[in-house]
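As a plain string of letters, each chain reads:
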Amino acid sequence: MASKKFGLNDEVVVIVGSGAGGGTLGNELAQKGIDVVILEAGKRHEINDFENDEWPMFSKISWLDKRTTSGTWRVAKDFPNLPAWIVKAVGGSTVHWAGASLRIQKHEFSARSVYGDVKGANLLDWPITLEELEPYYALAENKMGVTGTNDIPRLPGNNNYKVLAAGAKKMGYEKFHTGNMAINSQPRDSRGACQQIGFCFQGCKTGAKWSTLYTEIPKGEKTGHLEVRSDAQALKIEHDASGKATGVLYGDSKGNRYFQKARVVCVAGNSIESPRLLLNSASTLFPNGLANSSGQVGKNYMRHMTGSVYAIYENPVHMFRGTTMAGIVQDESRHDTSRGFVGGYEMETLALGVPFMAAFLDPGTWGRDFSNAMDAYDNMAGMWLVGEDMPQESNHITLHATEKDQFGLPIPNVQFSDHANDIAMRNHGFKQAKALYESIGAKRVIYTPPYPSTHNLGTNRMSANARDGVVNKWGQTHDIKNLFVSDGSQFTTGAAENPTLTIVSLAIPQADFIARSMAGKVF
Amino acid sequence: MDTPQQPKRRQFFKIASAGTVASASGTLPMLFVPDAALAEEVLGTAVFATLTKIARDIFPHDRFDDSLYANAVGVYADQAKADASLKKLLLEGVATANARAREKFGADYADVPTENQRLEVLNAMLSTPFFGKLRGDLVVSLYNQPAVWAELGYQGPSAQLGGYINRGFDDQNWMDKA
């Protein structure tokens, strides 16, 4: 069924990006009868296009436009042009995510108040509380079909989880289970149950895992109020003399350019492209970029304290059999400074196939030490640590001074260096994971450094005051009433939890706010 | 253990260096089909054999057949044919390795008797663009072969077989007795 097509002169709501934020917002507005055009830079790949093959899918759906890196993070050394591992396709990073759907904890919304003034960190309390977001978390969990909520049974545990659970028990941990996952454990929402295929990162071949690609977007298109234009990369947001956003200039891969008029513009291109777009939209009236009176656009880039730990046993694990992220230990996500750092971290199982394991286990290494580890691949268990990293103004997205993309626009540079708190937390996590795995007989434990960032946050952060951030609690920019941010770049702080559930949850009240404002002719 | 059904010629990623996954121009990585026979033709038998030996020394798996390393190096077939500077890099890199091997051990690299001796030659070349490129490309081309997966116990694509829900996703119990 062909969906509605809008004209360039139709003053619609224009959303840049079709992922967790953009896709959800688009559907929420369409359900209210509001006309929306989503501009998605990437192509539209459907489930049929997914392959159970790591490198070909990486090539097909990853954001590979050139980016540069700086700072002391190891990613800049090992993957200098790949700061982030995210998706350029309809559905955004919900195509390749693992499905972990955790709520941010109460104290994490008040990071500045609770952690205090951490030297060198740009901590700030969110302008919203957990209590205010709870009803929307509940709506999102129902929308996405999160296991462990809404009477949805948790997924069964694979071997990798069984290793984690056995070790967690020995460690005296109490909060471990197969996770709150947006993956159907039984048929739901016209999508089948998980078959434990093991290629979650390559797109779910059964649609058991929630993705806006085959949920929010088709639902929105069915209303006749949503149009998704793929191969449509936003280049610049235009505004009028009063500073009101008027539309979005975008280009396709053939070199054509178009201008879509807009009554409202919502930016949801993930945390590198979103600030980049605002900065590239600089004008005489806004010489530092749009919505940047605070100077915080692009700043406070967070990628979570991450790292992986792989353990080799004398017996098989076959960790690749089953969901990529198959379970979690939550005990360390508490705030407890007796450990030597503020904030906490989650421990989540992770599995990679042989191709990715070789590339990412310990980038740059070679020789028997490395090949001995690969020889033991089938006896490996693994986990990914995800914890709260400190926002720092010096971690930022900026426009490259000289290098331009295929549209002639400055490419982004991503600068990041760990804060001392990040390092202390990672070291603790590595140590705890090692102890956990060794408690049930691991023969060798390998610490894997952070991958190119799959969680990218904070670069257009929420703040109560306009001087401290870019948007308010609705994701509305402080400077421009009809300009919004709808992705993870809104996050004031990173918290310890995977961000997708919160991004989806924020899109729901944002849609309400936009609809009310439009009805009240605010814009 | 299932052997994955794969087409004979698989496609690989072009990796420009150890650290670069996207090519320098910012365009999508191109997919290269490995062709050991063509690579041997383009680079010459002696160079190809030496690269295969170096490949094994960089990622030594004693149970891997030589053909797995030959296929890994085979990823340079089309690339070296089309790109004169790449061909030069590979030829000169091998020439350097041979020169150093003859200096230290009186034999060409491939004829140096022990792995440890050959590693001495490689360790002296660690910072060269030749080594960096080779290591960065081989980590992809060696480990992206279904035959290598079979050796390592990785079963590959599973959706067409119904996933692992009925094929042992939770079949191990040793961890509960540990």
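Only a predicted model underlies this, so the values are computations on that prediction, with no experimental measurement involved.

1. Focus on the overall build of chain B
And step 1. Helix and strand content of chain B: eight helices and two strands.
And step 2. For chain B, the succession of helices and strands along the chain, N to C, is β-β-α-α-α-α-α-α-α-α.
And step 3. Across chain B, the fraction of contacts at a sequence separation of at least 24, relative to all contacts at a separation of at least 6, is 65%.

2. Describing the nonpolar core
General note: in soluble globular proteins, nonpolar side chains tend to be found buried as a group.
And step 1. Grouped together as the largest cluster of nonpolar side chains are 200 residues, with contacts concentrated most on V13(A), V14(A), V36(A), V265(A), A55(B), V73(B) and L142(B).
And step 2. Among the elements that make up this core, the one with the highest residue count is helix 12 (residues 500-519) of chain A (seven residues).
And step 3. Residues in contact with A55(B), not counting those within four places in the same chain, are Y69(B), A72(B), V73(B), L138(B) and L142(B).

3. Observations regarding the pairing of strand 14 (residues 410-415) of chain A
All names here are of chain A.
And step 1. As paired strands, strand 3 (residues 68-70) and strand 14 are joined by three bridges and run parallel to one another. Residue S70 lies in a different strand from strand 14, and its bridge partner there is Q415.
And step 2. Relative to strand 14, strand 13 (residues 396-404) runs antiparallel, the two sharing five bridges. Residue pairing in the sheet places H396 in a bridge with Q415 of strand 14.
And step 3. Between the end of strand 13 and the start of strand 14, which pair antiparallel, lie five residues, with G408 showing a positive phi angle near 85°.

4. Remarks on unusual backbone geometry
Residues and elements named next belong to chain A.
And step 1. Although it is not a glycine, A495 adopts a positive phi angle of roughly 55°.
And step 2. The topology assignment puts A495 in the loop between strand 16 (483-485) and helix 12.
And step 3. For K521, which is not glycine, the phi dihedral falls at a positive 55°.
And step 4. For K521, the location among the structural elements is in the segment after helix 12.

5. Comments concerning the sheet that holds strand 14 of chain A
Residue and element names in this part refer to chain A.
And step 1. Judged by pairing direction, the sheet is mixed, and its three strands sit side by side in the order 3-14-13 without closing on themselves. Strand pairing shows two members of the sheet lacking a second neighbour, strand 3 and strand 13, which therefore form its edges. For this sheet, the mean angle separating the axes of adjacent strands, direction not counted, is 35°.
And step 2. Packed on one face of the sheet, helix 8 (residues 270-280) meets strand 13 and strand 14 and runs near 65° to strand 13.

6. Some thoughts on the environment of K219(A)
And step 1. Considering the arrangement of structural elements, one finds K219(A) in helix 7 (residues 216-222).
And step 2. Counting along the chain gives 188 residues from K219(A) to Q31(A), while the straight-line C-alpha distance between them is 8.4 Å.

7. Looking at the interface of chain A and chain B
And step 1. Tallying the contact residues gives 51 residues for chain A and 42 residues for chain B.
And step 2. Among the elements of the structure, helix 2 (54-61), helix 3 (74-78), helix 6 (159-171), helix 9 (354-360) and helix 10 (368-375) of chain A are those that each provide at least two residues to the side of chain A that touches chain B.
And step 3. The element contributing the most residues to the side of chain A that touches chain B is helix 10 of chain A, with five residues.

8. Some words on the sheet that holds strand 4 (residues 176-177) of chain A
Residues and elements named next belong to chain A.
And step 1. Read from one edge to the other, the open sheet built from six strands follows the order 4-10-11-12-9-15, with strand pairing classed as antiparallel. Either end of the sheet is taken by a strand with one partner, and the two such strands are strand 4 and strand 15 (444-448).
And step 2. Here two bridges tie strand 10 (residues 328-329) to strand 11 (residues 345-349), and the two strands are oriented antiparallel to one another. Counterpart to I328 in the pairing with strand 11 is E348.
And step 3. Against the sheet, helix 11 (residues 420-438) makes contact with strand 9 (305-312), strand 11, strand 12 (380-387) and strand 15, and its axis sits at roughly 20° relative to strand 9, the strand it touches most.

9. A closer look at the pairing of strand 11 of chain A
All names here are of chain A.
And step 1. Among the five residues in strand 11, five count as buried, and that is most of the element.
And step 2. Here strand 11 shows two buried faces, one formed by Y345, M347 and T349 and the other by E346 and E348.
And step 3. Two strands pair when backbone bridges link them, and strand 11 and strand 12 are joined in this way by five bridges, in the antiparallel orientation. Looking at strand 12, one finds that Y345 is bridged to G387.

10. Considering the confidence of the model for chain B
All names here are of chain B.
And step 1. Per-residue confidence for chain B averages 85 on the pLDDT scale, and 82% of its residues sit at or above 70.
And step 2. In the predicted structure, residues 1-30 sits below a pLDDT of 50 and forms 70 contacts with residues beyond four places in sequence or in another chain.
And step 3. This complex was scored by the predictor with a pTM of 0.95 and an ipTM of 0.94.

11. Brief notes about helix 7 (residues 129-141) of chain B
And step 1. The end-to-end C-alpha distance of helix 7 of chain B is 18 Å, a good match for the 18 Å that 13 residues give at a rise of 1.5 Å each.
And step 2. Among the residues making up helix 7 of chain B, those that are buried are F131(B), K133(B), L134(B), R135(B), G136(B), D137(B), L138(B), V139(B), V140(B) and S141(B).

12. Here we look at the packing of helix 2 (residues 45-58) of chain B against helix 5 (residues 84-105) of chain B
All names here are of chain B.
And step 1. Relative orientation of the contacting elements helix 2 and helix 5 amounts to 70°, with a least axis distance of 10 Å. Judged on the interaxial angle alone, helix 5 and helix 2 are roughly perpendicular. Listed contacts from helix 5 to V47, T50, L51 and I54 of helix 2 are L90, L91, V94 and A97.
And step 2. Looking at the contact of helix 2 with helix 5, its residues break down into seven nonpolar, one polar and no charged.

13. Observations concerning helix 6 (residues 115-123) of chain B
Residue and element names in this part refer to chain B.
And step 1. Every buried residue of helix 6 is listed here: R118, V121 and L122. In a view along the axis of helix 6, the buried residues occupy a sector of 100°, so they form one face of it. Exposed side chains of helix 6 directed beyond 90 degrees from the buried face belong to N116 and N123.
And step 2. Taken together, the buried residues of helix 6 touch helix 2, helix 5 and helix 7.

Cut-off values and rules
- Residues numbered from 1 in each chain as written.
- Chains lettered and ligands numbered in written order.
- Predicted model: local features only at pLDDT ≥ 70, side-chain atom pairs only at ≥ 80, totals over all residues.
- Helix = DSSP H or I, 4+ residues; strand = E, 2+ residues; numbered from the N terminus.
- Contact = placed C-beta atoms within 7 Å.
- Core = buried A, V, L, I, M, F, W, Y, C linked by C-beta atoms within 7 Å.
- Buried ≥ 20, exposed ≤ 12 C-beta atoms within 10 Å, placed from the backbone.
- Pairing = 2+ DSSP bridges.
- Axes fitted to C-alpha atoms, helices over the stretch in contact; angles between N-to-C directions.
- pLDDT = per-residue confidence, 0-100.
- Expected span 1.5 Å × (residues − 1).
- Parallel < 35°, antiparallel > 145°, perpendicular 65-115°, else oblique.
- Nonpolar A, V, L, I, M, F, W, Y, C, P; charged D, E, K, R; others polar.
- Arc of directions from axis to C-beta.

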